[in-house]
Amino acid sequence: MALTQVSSNKCAGGFQKVYEHDSSELKCKMKFAIYLPPKAETDKCPVFYWLSGLTCTEQNFITKAGSQLAAAEHGIIIVAPDTSPRGCNIEGEDESWDFGTGAGFYVDATQDPWKTNYRMYSYVSEELPKLINANFPTDPDRMSISGHSMGGHGALICALKNPGRYKAVSAFAPICNPMQCPWGQKAFSGYLGADRSTWEAYDATVLAGSYSGPQLDILIDQGRDDQFLSASQLLPDNLIAVCSEKKIPVVFRLQPGYDHSYFFIYSFMNDHIKHHAKYLNA
């Protein structure tokens, strides 16, 4: 599949690039960012996928998270896709910030008018990795996934739905139990319809309850002063309770004073890349 390079900047000894391509899953042009560490010039490298949160594009992470130095140090390629299809001319796609454009929620929609384009789960878990592996010096057997907020939800469900595929998973302030929070209920009813049993396939807390696969060590950072934590949008306690019952190891760090922003992500990004490197470079 043809890739068009949109930008390329030397960064931390490697290159931060953005590409555009025609997506077969989403039926539109999509952009993704990719950081190629210095090591990628001579060797195949593992890949860390980053899923961003509501309203983000591929740009937020690469300009704000400060991930490139650690990625260069550990020899990890980082791929950061957009968060939804763009410009599909679907009625209502731009009406609210938490549904439609910039809010794909990493599900495969089943409802009209969303089901043709809004297939972000298949895009990030199937189409994009194939595209990356075909065009860049990756080791396809070494990949991991992380994300923030809506993207933290995406990272957790990708890891829990595909046992053994991702060597590690982490998240910043993830939406842990979308069936039980306003953001998730709005998105899921719009994309998946009224039958709540179909929502369970995309809820990390539910998926953890039925997980049977290789050990998955989950790292979650959560800001204690996150306004969305206090508004019960994130519900990490629900996920932690199920994981401890199922003996799924979770390191959950409640970080005093931090909010939901990229300042929080920037502060702990090195820890997350180190967590992933431990498994990717084992």
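Rules used in this analysis
Residues numbered from 1 in each chain as written. Predicted model: local features only at pLDDT ≥ 70, side-chain atom pairs only at ≥ 80, totals over all residues. Heavy atoms only, no water. Helix = DSSP H or I, 4+ residues; strand = E, 2+ residues; numbered from the N terminus. Buried < 20%, exposed > 50% of the residue type's maximum accessible area, 1.4 Å probe, protein only. Pairing = 2+ DSSP bridges. Axes fitted to C-alpha atoms, helices over the stretch in contact; angles between N-to-C directions. Salt bridge = Lys/Arg side-chain N within 4 Å of Asp/Glu carboxyl O. Arc of directions from axis to C-beta. Contact = heavy atoms within 4.5 Å. Core = buried A, V, L, I, M, F, W, Y, C linked by side-chain atoms within 4.5 Å.

Caption draft 1: The arrangement of unusual backbone geometry in detail. Of note, the bond from Asp 112 into Pro 113 is cis; its omega dihedral lies within 30 degrees of zero at -5 degrees. Looking at the secondary structure, you find Pro 113 in the loop between strand E5 (77-81) and helix H3 (120-135). Positive phi outside glycine occurs at Asn 89, with the angle close to 55 degrees. Turning to its location among the elements, Asn 89 is positioned in the loop between E5 and H3. Overall, the relative accessible area of 72% leaves Asn 89 in the exposed class.

Caption draft 2: Summary view of the sheet that holds strand E7 (residues 169-172). Taken together, the 9 strands give an open sheet; going across it, the order is E1-E2-E3-E5-E4-E6-E7-E8-E9, and neighbouring strands pair in mixed fashion. Edge positions in the sheet fall to strand E1 (3-11) and strand E9 (250-255), since each has one partner strand and no second. Across the sheet, the axes of successive neighbouring strands diverge by a mean angle of 20 degrees, strand direction being ignored. As defined by bridge partners, strand E4 (residues 45-51) adjoins strand E6 (residues 138-148) across 6 bridges and the pair is classed as parallel. Counterpart to Leu 51 in the pairing with E6 is Gly 147.

Caption draft 3: Structural detail: the pairing of E1. The pairing of E1 with strand E2 (residues 14-23) spans 8 bridges and is classified as antiparallel. If you follow Leu 3 over to E2, its bridge partner there is His 21. Between E1 and E2, which follow one another and run antiparallel, lie 2 residues, and Ala 12 among them has a positive phi close to 50 degrees.

Caption draft 4: The pattern of salt bridges, seen in detail. Counted according to the given criterion, the structure contains 11 salt bridges. Put simply, Lys 115 and Asp 112 hold a salt bridge, and the shortest N to O gap is 3.7 Å. Residue classification places Lys 115 among the partly exposed positions, given a relative accessible area of 37%. Judged by its relative accessible area of 58%, Asp 112 is exposed. If you follow the salt bridges from partner to partner, you end up with Glu 25, Asp 108 and Arg 119 in one network.

Caption draft 5: Spatial organisation of helix H8 (residues 236-245). Pro 236, Leu 239, Val 242 and Cys 243 are the residues of H8 that are buried. Angular distribution of buried residues about the axis of H8 spans 130 degrees; they occupy a single face of the element. Turned more than 90 degrees off the buried face of H8, the exposed positions are Asp 237, Ser 244 and Glu 245. Its buried side turned inward, H8 meets helix H4 (150-161), helix H6 (204-209), strand E8 (218-223), helix H7 (227-230) and E9.

Caption draft 6: Looking closely at the environment of Asp 225. Following the sequence through the fold, Asp 225 ends up in the loop between E8 and H7. For the pair formed by Asp 225 and Asp 94, sequence separation is 131 residues and the distance between their alpha carbons is 29 Å. With residues up to four places along the chain from it excluded, the contact list for Asp 225 reads Gly 257, Tyr 258 and Asp 259.

Caption draft 7: Main features of the nonpolar core. Phe 32, Phe 61, Phe 105 and Tyr 191 are the most contacted members of the largest nonpolar core, which has 93 residues in total. By residue number, the principal contributor to this core is helix H9 (residues 262-280), which donates 8 residues. Contacts of Tyr 191, omitting those with residues within four sequence positions, involve Phe 99, Gly 100, Ala 103, Gly 104, Phe 105, Val 107, Ala 109, Thr 110, Gln 111, Trp 114 and Tyr 118.

Caption draft 8: How the structure looks around the environment of Ile 145. Residue placement: Ile 145 occurs in strand E6. Through-space distance from the C-alpha of Ile 145 to that of Asn 89 is 30 Å; in sequence the pair is 56 residues apart. Not counting the four nearest positions on each side in its chain, Ile 145 is found in contact with Tyr 49, Leu 51, Ala 155, Cys 158, Ala 159, Tyr 166, Ala 168, Val 169, Ser 170 and His 276.

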